[in-house]
Amino acid sequence: MAIDVSDPIMDLIARDRAVLWHPYAAMPMAFPPLAVASASGNRLRLEDGRELVDGMSSWWAAIHGYGHPVLDAAVRSQVDDMAHVMFGGLTHRPAVELAELLVGITPAGLEHVFLCDSGSVAVEVAIKMAVQYWAGRGELRQRLLTVRSGYHGDTAGAMAVCDPDTGMHHLFSAMLPRHLFAPTPEPTFGKPFCTDHIAELAQLLAHNRDEIAAVILEPIVQGAGGMRFYAPAYLAALRALCDEHDVLLIADEIATGFGRSGKLFACDHAEISPDIMCVGKAMTGGYLSMAATLCTREVADGVSGAEPGALMHGPTFMGNPLASAVSLASIRLLLSGPWCDRVVRIEGRLREGLGPAKGLANVADVRVLGAIGVIEVREALPMAAMQAVLVEHGVWLRPFGRLLYTMPPYISTDDDVDLIACAMVSVAEQVGVVR
Ligand code: PMP
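Rules behind the numbers
Residues numbered from 1 in each chain as written. Predicted model: local features only at pLDDT ≥ 70, side-chain atom pairs only at ≥ 80, totals over all residues. Heavy atoms only, no water. Helix = DSSP H or I, 4+ residues; strand = E, 2+ residues; numbered from the N terminus. Rg over C-alpha atoms; globule rule 2.2 N^0.38 Å. Buried < 20%, exposed > 50% of the residue type's maximum accessible area, 1.4 Å probe, protein only. Contact = heavy atoms within 4.5 Å. Areas by Shrake-Rupley, 256 points an atom, 1.4 Å probe, with all protein chains shown as cover. Pairing = 2+ DSSP bridges. Axes fitted to C-alpha atoms, helices over the stretch in contact; angles between N-to-C directions. Near = heavy atom within 4 Å. Polar contact = N/O pair within 3.5 Å; in protein donor to acceptor, adjacent residues only side chain to side chain. Domains from an automatic or database assignment. Buried area = accessible area lost by both parts, 1.4 Å probe. Salt bridge = Lys/Arg side-chain N within 4 Å of Asp/Glu carboxyl O. Nonpolar A, V, L, I, M, F, W, Y, C, P; charged D, E, K, R; others polar. Core = buried A, V, L, I, M, F, W, Y, C linked by side-chain atoms within 4.5 Å. Left-handed = near helix turned anticlockwise from the far one by under 90°. Arc of directions from axis to C-beta.

Q: Can you help me understand the overall build of the protein in this one?
A: When you go through the protein residue by residue, the secondary structure sums to 15 helices and 16 strands. A globule of 435 residues ought to have a C-alpha radius of gyration of about 22 Å, and the protein, at 22 Å, matches this closely. Across its three principal directions, the C-alpha atoms of the protein cover 65 × 55 × 45 Å. Residues counted as buried form 53% of the 435 residues belonging to the protein. Within the protein, contacts between residues at least 6 apart in sequence are counted, and of these 70% link residues at least 24 apart. Here the protein has roughly 18300 Å² of accessible surface; of this, 56% comes from carbon and sulfur atoms.

Next comes the structure, spelled out in structure tokens:
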């Protein structure tokens, strides 16, 4: 596409395309990005003056919207004290208070916190904890069992437990460890579960238990691997199987944590506690990159009680004070407000607003859980054309493949949620013509 560089906005986009990679994109990107000048509340203001209603929360993270005064103040106040100090041998109040708060609100039994710099790293740390736990017990267990349609991040360890077809396995198969994959969790949320649904996983677990360090999966909501919602009874049955076969359970709550699915953590739908849990994304309210891996006392003791006597991970920006302070402020803000009512209200509006898509020939499924709405179409959608329709409606969404989805900030008004839903239905209606 020819870009008019005499226009300052087009010049910015041309400069972007000359030097910057974007997520999952070619160099340069197939079509130009939108340039954002500022963001506040649930509005993104573009360089050209247009304003878009945000339906993405910047990939699950900005649950309170942008430029929230409480979070802005937390960052400003922390920067006056210190932006960063190393965490090796040093500690600070924001990290300690954040860890205590996380232990207090996550499922029972999770008592220890490793602060990571991103969700993918939190998954790497979870895997290391599991492997070192077994090493501490004198067992070489280095395989993981997971389910299809999962997504856990883009670093090597995390990639190896993403869905082997929708993930990127085939590109890296020779360098990735080969783990065990059970079928996609069934039934879908709200449908009755029976043990047949988990029989294949149970068999894999029984046959390979001596090699398996942990089962890892996203509880209830499978995000980037398919935007699927499955029955809490499946997760409860999985917890029981892990106990029966003495295998650790890792819950990846990076997308679901902090209220998104209608419960504070998705594990709460099944009333289970994992042995290891990863949180991230909404933890900082979308301000900075930080995640955490929590574990039980038993896991921590197993890791620490044997050679080398330490968890072998320690990133440069571990426990970053700015990110810790804003996480603390974000979680306190969430807990002090009516987050649950807000999520329930968004869920209701999404159900109503996306309903009309159900009758469309191109639509395979419409599903809503908590503040997550999905229209799954039958054919992959042409991104550039879709984006144009969405922007015309004044909405920011980032669909992928056959999935049009939204997870708006919890502060979104009814009108904003209606607008997002209307834009999604409109795109679904036009699929097949907007090629
Ligand atoms: N796990 C899940 C469930 C995720 O949704 C993501 C991010 N999309 C990750 C892990 C990786 O997190 P990050 O992008 O912060 O590395």
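Q: How should the pairing of strand E13 (residues 363-369) be read in this particular structure?
A: On a regular strand, one side chain projects to one face of the sheet and the next to the other, so that they alternate. Extensive coverage of E13 is indicated by the burial of 5 of its 7 residues. Bridge count between E13 and strand E14 (residues 372-377): 6 bridges; the pairing is antiparallel. Within E14, the residue paired with Arg367 across the bridge is Val374. The turn linking E13 back onto E14 is made up of 2 residues, and Gly370 within it adopts a positive phi angle of 55°.

Q: Can you walk me through the environment of Ser120 in this structure?
A: With respect to the secondary-structure elements, Ser120 resides in helix H5 (residues 119-136). Along the chain, Ser120 and Gly153 lie 33 residues apart, while their C-alpha atoms are 4.6 Å from each other.

Q: So what exactly am I meant to see when it comes to the sheet that holds strand E15 (residues 395-396) here?
A: Strand pairing in a sheet relies on backbone hydrogen bonds. The paired strands run either parallel or antiparallel. The sheet built from 4 strands is open, its strands ordered E1-E2-E3-E15 with mixed pairing. Strands at the two margins of the open sheet, each flanked by one partner only, are strand E1 (36-40) and E15. Relative to strand E3 (residues 51-54), strand E2 (residues 43-46) is paired through 3 bridges, and the arrangement is antiparallel. By the bridge assignment for E3, Arg43 is matched with Val53. Contacts between helix H15 (residues 414-430) and the sheet are confined to E2, E3 and E15, with E3 contributing the most and set at about 95° to the helix.

Q: Explanation requested: the site of the ligand in the structure shown.
A: The full set of residues close to the ligand is Ser118, Gly119, Ser120, Tyr151, His152, Gly153, Glu218, Asp252, Ile254, Ala255 and Lys281. Backbone polar atom of Gly119 to an oxygen atom of the ligand: 2.8 Å apart, as the coordinates give it. Interatomic distance of 2.6 Å between a side-chain N/O atom of Ser120 and an oxygen atom of the ligand. For the ligand, whose free accessible area comes to 390 Å², the fraction covered by protein is 81%.

Q: Sorry if this is basic, but what is going on with the domain arrangement of the protein here?
A: How big an interface is tends to be reported as the loss of accessible area on association of its parts. The domain boundaries assigned to the protein delineate domain 1 (34-67 + 338-430) and domain 2 (70-336). Inter-centroid distance (C-alpha atoms) of domain 1 to domain 2 is 26 Å. Buried area between domain 1 and domain 2, both sides added, is near 2200 Å², and the carbon and sulfur share of it is 68%. Of all residues in domain 1, the largest losses of buried area upon contact with domain 2 belong to Trp60, Trp339 and Leu369, amounting jointly to 35% of the total for that side. The interface formed by domain 1 and domain 2 holds 0 salt bridges in total. One can count 12 residue pairs in polar contact (both at pLDDT 80 or more) joining domain 1 with domain 2. At the level of secondary structure, the elements contributing two or more residues to the side of domain 1 that touches domain 2 comprise helix H2 (57-60), helix H13 (339-354), E13, E14 and strand E16 (403-406). Each residue belonging to the side of domain 1 that touches domain 2 can be placed in one class, and the counts come to 20 nonpolar, 4 polar and 1 charged.

Q: Mind showing me how you'd approach unusual backbone geometry here?
A: Comment: phi is negative for the bulk of residues other than glycine, and the bulk of peptide bonds are trans. Backbone torsion omega between Met27 and Pro28 reads -10°, so that peptide bond is classified as cis. Within the secondary structure, Pro28 is located in the loop between helix H1 (8-19) and E1. The omega torsion across Glu307 and Pro308 is -5°, close enough to zero to call that bond cis. Mapped onto the elements of the fold, Pro308 is located in the loop between helix H11 (297-304) and helix H12 (321-336).

Q: Any chance you could explain the nonpolar core here in plain terms?
A: Nonpolar side chains in soluble globular proteins tend to end up buried together. Counting residues in hydrophobic clusters, the biggest one holds 89 residues, and the most contacted among them are Leu102, Leu201, Leu238, Phe258, Val279, Met283 and Ile375. Counting residues per element, this core draws most heavily on H15, which supplies 8 residues. Apart from the residues within four sequence positions on either side, Phe258 is in contact with Ile63, Leu102, Ile105, Leu264, Phe265, Val279, Gly280, Ala282, Met283, Ile331, Leu334 and Tyr410.

Q: Got a minute to help me understand the pattern of salt bridges in this structure?
A: Side chains that differ in charge, positive against negative, can pair when their charged atoms come close. This structure, assessed with the given rule, holds 22 salt bridges. For Asp11, the salt bridge identified is with Arg15, shortest N-O distance 3.6 Å. Of this pair, Asp11 and Arg15 both sit in helix H1, separated by 4 residues, roughly a single helical turn. Owing to a relative accessible area of 25%, Asp11 belongs among the partly exposed residues under this scheme. What makes Arg15 exposed here is its relative accessible area of 52%. When salt bridges that share partners are traced, they join Arg43, Arg45, Glu51 and Asp416 into one network.

Q: Honestly, the packing of helix H4 (residues 93-105) against H12 in this entry has me stumped. Any pointers?
A: The description of two packed helices rests on the angle between their axes and on the distance between the axes. Interaxial distance between H4 and H12 falls to 8 Å at its minimum, and their mutual angle equals 35°. Note on packing geometry: the crossing formed by H4 with H12 is left-handed. On the side of H4, the interface is formed by Pro94, Ala95, Glu97, Leu98, Leu101, Leu102 and Ile105, while H12 contributes Pro321, Ser324, Ala325, Ser327, Leu328, Ile331, Arg332 and Leu335. The residue inventory of the contact of H4 with H12, partitioned by class, reads 11 nonpolar, 2 polar and 2 charged.

Q: Help me out: how do you make sense of H11 in this one?
A: Spacing of three or four residues puts side chains on the same side of an α-helix, whose turn is 3.6 residues. Those residues of H11 that fall on the buried side of the exposure criterion are Val299, Ala300, Gly302 and Val303. All buried residues of H11 fall inside an arc of 160° around its axis, so they share one side. Buried residues belonging to H11 abut strand E4 (110-116), H5, strand E10 (248-252), strand E11 (276-279) and strand E12 (291-296).

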